[in-house]
Amino acid sequence: MNDFIYLDNAATTRVKEEVLEAMLPYFCESYGNPAAIYSPAGKAAKAVGLARQQVADVIGVKREEIYFTAGGSESDNWAIRGVYEMLSGKGNHIITTKVEHHAVINTCKYLEGLGAKVTYLSVDEYGMISLEELKAAISPQTILISVMAANNEVGTIMPLEQIGEIAREHKVLFHTDAVQAYGHIPLDAEKMHIDLLSASGHKLGGPKGIGFLYVKKGLKLPPLIYGGGQERGRRGGTLNVPGIVGMGCAAELALKAMNEQMKQVMYLRDCFAEKLLEEIPEAVLNGHPYNRLPGNVNVTIPGVEGESVLILLDQRGVCASSGSACSMAQEGPSHVLLAMGLTQEEARGAIRFSLSEENTEEELDKAVHVLKEIVVHLREIMLQKYT
Ligand SMILES: *Cc1c(COP(=O)(O)O)cnc(C)c1O
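A brief structural summary. (Residues numbered from 1 in each chain as written. Predicted model: local features only at pLDDT ≥ 70, side-chain atom pairs only at ≥ 80, totals over all residues. Heavy atoms only, no water.)

## Here we look at the packing of helix α3 (residues 39–58) against helix α8 (residues 241–279)
- Where α3 contacts α8, the two axes come as close as 8 Å, and the packing angle between them is 35 degrees. The chirality of how α3 crosses α8 is left-handed. Only V241, I244, V245, M247, G248, C249, A251, E252 and L255 of α8 make contact with α3, whose side of the interface consists of A44, A47, V48, A51, Q54, V55, D57 and V58.
- Of the residues assigned to the contact of α3 with α8, the class counts are 13 nonpolar, 2 polar and 2 charged. (Axes fitted to C-alpha atoms, helices over the stretch in contact; angles between N-to-C directions. Helix = DSSP H or I, 4+ residues; strand = E, 2+ residues; numbered from the N terminus. Left-handed = near helix turned anticlockwise from the far one by under 90°. Contact = heavy atoms within 4.5 Å. Nonpolar A, V, L, I, M, F, W, Y, C, P; charged D, E, K, R; others polar.)

Here it is in structure tokens:
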């Protein structure tokens with residue numbers, strides 16, 4: 001087992017043994033191109049068909065509505081750019097939020113350069129949008145509402161069903177970046193009136209570099225990649241068969257265990273959060289008090305720099321993150337926490353722990369203990385500096 005405590009499951013997850021097992025035959029045995037005519041290829045094609053059904057079942061859609069991609073970022077890009085291209089004759093207005101993943105925000109920014117008008121909905125202190133603000137933002141020019149299912153930094157779960165209802169009433173397409181939610185909490189594309197949904201394999205125990213976009217039947221989304229007609233002509237390129245098989249397996253495992261796993265991870269999260277707040281009483285929990293992902297604990301610890309804490313945590317074998325894996329490379333505090341009204345300083349003090357069913361209570365106790373020592377140590381240094 002690991003010699004570190006892994007609390008960064010929102011950034012990526014360990015591939016499950018069953019998933020790896022399921023993938024292995026498609027590297028050196030049934031490695032045929034699924035489009036070919038001979039039997040080893042037929043086996044690969046069959047496995048892809050099964051995986052398509054497995055990933056579709058998690059959101060209650062048909063397998064013909066699933067288009068495999070190379071991950072969540074690609075699916076987000078495709079959905080938003082595709083709708084913009086498809087509906088350019090109808091309007092140019094997109095509604096999204098200030099707390100989206102950069103795969104959505106930067107795609108919208110790019111489209112603004114091409115003439116799109118984008119409304120970035122604000123959020124409250126818990127990271128939740130206002131449905132009233134959403135309704136008020138819709139105009140005859142609006143072609144797309146893109147709101148994430150659950151936030152990757154603070155875990156806040158958005159009211160997808162109500163958003164979908166509003167989108168349907170106004171005949172506007174609804175896309176959701178469900179990368180954090182898919183396989184972790186229940187999602188029903190039909191009930192939630194979702195037209196387009198992005199998901200990624202590596203956030204639920206599957207491999208990296210595989211994901212899908214759900215495109216509701218009848219929607220004429222333009223192709224993402226012109227090529228050899230794969231994915232019904234919409235996303236050319238030889239299929240990533242092992243990746244697809246791995247994602248299918250991870251999706252099936254997640255669906256089967258969802259209720260049980262949600263309970264287990266929430267229990268671990270609540271023990272961890274409670275203990276953390278007990279040991280470090282000044283720490284503040286960021287995000288929604290109950291509408292949040294099972295595994296997310298995002299805290300601000302006043303008076304200490306998040307980055308310094310993370311480096312010291314790493315030295316003691318605890319893997320956590322400052323909010324999103326992607327914003328590490330970029331300068332500046334999290335756009336999500338700033339949108340929630342935190343000050344620059346508060347946002348810089350934030351640390352995200354994201355748990356999974358693989359964590360143990362023992363590990364979590366150890367992590368709190370280590371965190372406390374680090375905070376005490378950092379505060380001592382600060383005191384020496386200023387007295
Ligand atoms: C991780 C993540 C993505 C990006 O997915 P990749 O498969 O890594 O490209 C997009 N959106 C959210 C909310 C994520 O958490």
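## Overview of the packing of aromatic side chains
- Tallied over the full model, the rule gives 4 aromatic pairs.
- When the centroid spacing of 6.5 Å and the interplanar angle of 70 degrees are considered together, the rings of F4 and Y6 count as edge-to-face.
- When the centroid spacing of 5.9 Å and the interplanar angle of 85 degrees are considered together, the rings of Y67 and W78 count as edge-to-face. You can see Y67 sitting in strand β2 (residues 66–69) and its partner W78 sitting in helix α4 (residues 72–86), a full 11 residues away along the chain. (Phe/Tyr/Trp six-rings, centres within 6.5 Å; stacked < 30°, edge-to-face > 60°.)

## Brief notes about α3
- Under the 1.5 Å per step criterion, the end-to-end length of α3 is 29 Å for 20 residues, consistent within 8% with the ideal 28 Å.
- Within α3, burial applies to A41, A44, A47, V48, A51, R52, Q54, V55, A56 and V58.
- Downstream of α3 by a residue or two, G60 has a phi angle that is positive, lying close to 65 degrees. (Expected span 1.5 Å × (residues − 1). Buried < 20%, exposed > 50% of the residue type's maximum accessible area, 1.4 Å probe, protein only.)

## Here's the deal with a nonpolar patch on the surface
- A cluster of nonpolar side chains, namely L20, L24 and F27, defines an oily patch on the protein surface of about 280 Å² accessible area.
- Within the secondary structure layout, F27 lies in helix α2 (residues 25–28).
- Judged by relative accessible area, F27 falls into the partly exposed class, the value being 46%. (Patch = residues over 30% accessible without salt bridge, like charges linked within 9 Å, V, L, I, M, F, W, Y side chains within 5 Å. Areas by Shrake-Rupley, 256 points an atom, 1.4 Å probe, with all protein chains shown as cover. Salt bridge = Lys/Arg side-chain N within 4 Å of Asp/Glu carboxyl O.)

## Observations concerning the sheet that holds strand β3 (residues 93–97)
- Across the sheet, which stays open at both edges, the 7 strands sit in the order β2-β8-β7-β6-β5-β3-β4 with mixed pairing between neighbours. Unpaired on one side and paired on the other, β2 and β4 (117–121) mark the two borders of the sheet. Across the sheet, the axes of successive neighbouring strands diverge by a mean angle of 20 degrees, strand direction being ignored.
- Where β2 lies against strand β8 (residues 211–215), 4 bridges are found, and the strand directions are antiparallel. (Pairing = 2+ DSSP bridges.)

On their own, these measurements won't tell you what the molecule is for.
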